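Secondary and tertiary structure notes
Okay, here's what each chain looks like letter by letter:
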Amino acid sequence: MEPPEDGDLQLQDAAGGAGSVSYTQGGSSGECCVASPGGGWLGRLSRELHWSFLLAVVAVYGGCQGVGDALNGVASGYYWKDVQRVQPSAAQFYRGITGAPWVVKPLWGLLTDVVPVAGYRRRPYLVVAGVIGVASMLTLSLHHGLGIMAAVLALTAQSTGAAIADVTVDALVAQKSIRHPPLASDMQSMCGFSSSVGALIGFSISGLLVYSMGSQGALGLLAIPSALVLSAGILLKESPATDFDYTQVHKEFYRAVQSMGTTLKCPEVWRPCLYMYVSLNLSLDIQGGMFYWYTDPVSGLAFSEGFIGLIYSIGSVGSILGVLLYQSALKDYPFRSMLLWSQLLSSLAGMLDLVLVTRLNLKMGIPDYFFVVIDNTISQMVSQLKWLPLLVLSSKLCPSGIEGTFYALLMSIQNAGVLMSAWWGGLLLHMLNVTRTEFSNLWIAVLIRNISRLVPLTLLFLIPQSDHGSTLLPVEMLEESESAEAVKAGSDNTGFSVLVTEDSSCLSSNVVVQNEGTKEFDAGTTDVELIPLMNKSRPTIDT
């Protein structure tokens, strides 16, 4: 077989009219996407990816995490305050417990990657997640007089279903980010946009639903987003695995865990992970105290259920603006620069809460209801500008073969930081004696939270200077695991690969591929074809 001449380009049509360019240049080869004119990033995604994938994204991010989390945030706040009648610090603690399933996301990721059900790795887990969500929320809403532990259990079960659905879609996103690198930022923007629009809808109706149905009845409606996830699992297009040996599951688990451990040893991986955890951990969550102050009729702002929903719904517009701003103008900036400015803006935006709690807004002639809306809108926009680069960075740290598991591990690290921030925030409220009716020290909690958001700036050197389109992992981790298996698959009539490797401190345990190239020999012949791999050199990470 004659190798193509240097500089040759071959245009191949992709489904839906988009194109991809296969190229060889200077002895290296690769493929990149070429978007058809028009349609923007949403149109590009619909052409390049199957519609059932986009449906799963919308169901999980828009329905379950967007509408569901918005409704859950408002309804559960009133549920703990008015039905269970607990203190703000206790509400923060229970909120941390119900978020625990998000911390063990690697377990759900291992299941989706290693244990197919009826030959499918993704569809059954979306179905199971939907069933768990529907059953738990119907149980909570239909049984009045539930004790605190039973309520925590039901909310934790709903959170478990949402976490399983999330990790399943995250695995699909990670897979497609590796196979379609130019679409990685577009997919994360799609996820963020779906979540923001869903949150806008959820917050818009949450206050009215709590007012008309009560917090317990409103929580029961969370069964609807879970039903959408179930439907997405049924409709998802996925090729079934054939001849899967379930007796080897324990070995697959071991290999996956070993591969994760090996990957985490890479500086390209553990350094960003450490920053993610610390930055989220130190962003103390005192929302429980703020919510009680918003709704207290004596010492607080006495906002009604409907107005609480309106505040958060308008704030969701800020979240959407954050996604659009990132997608249109900021997605090509280096990760370190994005996180520097987003962290600074996060601390500055938090100062608006301090103005509100100290009542300086009234001295400036700005009514509470107007200032709260502006405050929440800016905070949501800044939050998206901080969150999206972390998601894109995480998707680029996933080695092939364990995309779902490792992406889940990265998300669990972030969720552990969020959980700890809720518990630290609850402890801070308790130490400052912020209760259901006492808020005199709430401003101190706000000030401490804002200062703590600046501390992660000292760790920005852990984040690579690379931009969002760069490949961060060593090349050997990004090659499909089938390349390694091909060594064992040689026969008289088939080709097999001789994998030439060089020493590396962070080779994936199930992938041994040299970044310089793979030599493929046709058994029984003397013809040799040299097939260079994409991204020949390992990317340089500035520190």
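Keep in mind that this is a model prediction, so the values were computed, not measured. (Residues numbered from 1 in each chain as written. Predicted model: local features only at pLDDT ≥ 70, side-chain atom pairs only at ≥ 80, totals over all residues. Heavy atoms only, no water.)

**What to know about the overall build of the protein**
Of regular secondary structure, the protein possesses 19 helices and six strands. Across the 543 residues of the protein, 53% fall into the buried class. Long-range pairs, those at least 24 residues apart, make up 78% of the contacts in the protein between residues at least 6 apart in sequence. Carbon and sulfur atoms form 63% of the exposed surface of the protein, whose accessible area is close to 23,200 Å². (Helix = DSSP H or I, 4+ residues; strand = E, 2+ residues; numbered from the N terminus. Buried < 20%, exposed > 50% of the residue type's maximum accessible area, 1.4 Å probe, protein only. Contact = heavy atoms within 4.5 Å. Areas by Shrake-Rupley, 256 points an atom, 1.4 Å probe, with all protein chains shown as cover.)

**Describing helix α4 (residues 105-114)**
With eight of its ten residues buried, α4 lies for the most part within the structure. If you check which residues of α4 are buried, you get Lys105, Pro106, Trp108, Gly109, Leu110, Thr112, Asp113 and Val114.

**Points about the packing of aromatic side chains**
We describe a pair of aromatic rings using the distance from one ring centre to the other and the angle between the two ring planes. Enumeration according to the criterion identifies ten aromatic pairs in this entry. Note on Trp293 and Tyr294: the rings are 6.2 Å apart at their centroids and 40 degrees apart in plane angle, and the pair reads as tilted. Using a relative accessible area of 5% as the deciding quantity, one classes Trp293 as buried. Relative to Phe303, the ring of Tyr294 has its centre 5.9 Å away and its plane inclined at 45 degrees; by these criteria the two rings are tilted. (Phe/Tyr/Trp six-rings, centres within 6.5 Å; stacked < 30°, edge-to-face > 60°.)

**Let's talk about the UniProt feature "transmembrane region" (unreviewed entry) in the protein**
In the UniProt entry, the feature "transmembrane region" (unreviewed entry) is given for residues 125-142, 190-211, 217-236, 306-326, 338-357 and 405-430. Annotation note: span residues 190-211, helix share 100%, strand share 0%, distance between end C-alpha atoms 32 Å. A distance of 31 Å separates the end C-alpha atoms of residues 306-326, which is 100% helix and 0% strand. (UniProt positions renumbered as here; feature names shortened; annotations may be inferred.)

**Structural notes on helix α8 (residues 223-235)**
Compared with the 18 Å implied by 1.5 Å per residue over 13 residues, the 19 Å span of α8 between its first and last C-alpha is a close match. Taken together, the buried positions of α8 are Ala223, Pro225, Ser226, Val229, Ala232 and Gly233. Each element contacted by the buried residues of α8 is listed here: α2 (51-83), α5 (123-142), α6 (148-179) and α7 (184-220). (Expected span 1.5 Å × (residues − 1).)

**As for the packing of α4 against α6**
As a packed pair, α4 and α6 sit with axes 9 Å apart at the nearest point and diverge in direction by 55 degrees. It follows that α4 is oblique to α6 by the angle criterion. Classified by chirality, the crossing of α6 by α4 is right-handed. When α4 is examined against α6, the residues Lys105, Trp108, Gly109 and Thr112 are found in contact with a partner set consisting of Thr160, Ala163, Ile164, Asp166, Val167, Thr168 and Asp170. Residue composition of the contact of α4 with α6, grouped by class: four nonpolar, four polar and three charged. (Axes fitted to C-alpha atoms, helices over the stretch in contact; angles between N-to-C directions. Parallel < 35°, antiparallel > 145°, perpendicular 65-115°, else oblique. Left-handed = near helix turned anticlockwise from the far one by under 90°. Nonpolar A, V, L, I, M, F, W, Y, C, P; charged D, E, K, R; others polar.)

**Regarding the packing of α2 against α6**
α6 packs onto α2 with a crossing angle of 155 degrees between their chain directions and a minimal axis gap of 10 Å. The orientation of α2 with respect to α6, classified from their angle, is roughly antiparallel. Here α2 and α6 pass one another in a crossing that is left-handed. Split by residue class, the contact of α2 with α6 holds 17 nonpolar, three polar and three charged.

**Here we look at the nonpolar core**
Counting 52 residues, the largest nonpolar core has Trp80, Leu140, Trp293, Tyr294, Phe303, Ile308 and Leu442 as the members making the most contacts within it. Sort the elements by how many residues they give to this core and α2 lands first, with seven residues. Setting aside anything within four residues of it in sequence, one finds Phe303 in contact with Tyr78, Tyr294, Thr295, Ile308, Ile311, Asp368, Tyr369 and Val372. (Core = buried A, V, L, I, M, F, W, Y, C linked by side-chain atoms within 4.5 Å.)

**Focus on a nonpolar patch on the surface**
A grouping of Trp51, Leu55, Ile234 and Leu235 is seen on the molecular surface, where their side chains present a nonpolar patch of about 400 Å² in accessible area. When residues of the nonpolar patch are traced back to their parent elements, those giving at least two are α2 and α8. Topologically, Ile234 is positioned in helix α8. (Patch = residues over 30% accessible without salt bridge, like charges linked within 9 Å, V, L, I, M, F, W, Y side chains within 5 Å. Salt bridge = Lys/Arg side-chain N within 4 Å of Asp/Glu carboxyl O.)

**What to know about the environment of Lys331**
Positionally, Lys331 belongs in the loop between α12 (305-330) and α13 (335-357). Residue Lys331 is classed as buried on the basis of its relative accessible area of 17%.

**Details of the confidence of the model for the protein**
Residues with a pLDDT of 70 or more make up 78% of the protein, whose mean pLDDT is 78. Per-element confidence in the protein is highest for helix α17 (residues 442-452), whose mean pLDDT is 96, and lowest for strand β4 (residues 495-498), whose mean pLDDT is 30. A low-confidence stretch, residues 480-505 stays under pLDDT 50, and its non-local contacts, those more than four residues away or across chains, total 42 contacts. (pLDDT = per-residue confidence, 0-100.)

**Digging into the side chain of Ser279**
For Ser279, the location among the structural elements is in helix α10 (residues 267-281). For Ser279, the residues in contact, after removing those within four places along its chain, are Gln343, Lys386 and Pro456.

**So, the pattern of salt bridges**
Under the criterion given, the structure shown has four salt bridges. Across the pair Arg359 and Asp368 runs a salt bridge whose closest N-O atoms are separated by 2.5 Å. The exposure class of Asp368 is buried, given its relative accessible area of 16%.

**Regarding the environment of Ile132**
Assignment of secondary structure puts Ile132 in helix α5. When its relative accessible area of 28% is taken as the criterion, Ile132 is described as partly exposed. Through-space distance from the C-alpha of Ile132 to that of Leu230 is 9.7 Å; in sequence the pair is 98 residues apart. Setting aside chain neighbours within four positions, we find Ile132 in contact with Ala157, Gly161 and Ile164.

**Some points on the side chain of Ser347**
Tracing the sequence through the fold places Ser347 in helix α13. Look past the residues within four positions of Ser347 in its chain and what remains in contact with it is Asn450, Arg453 and Leu454.

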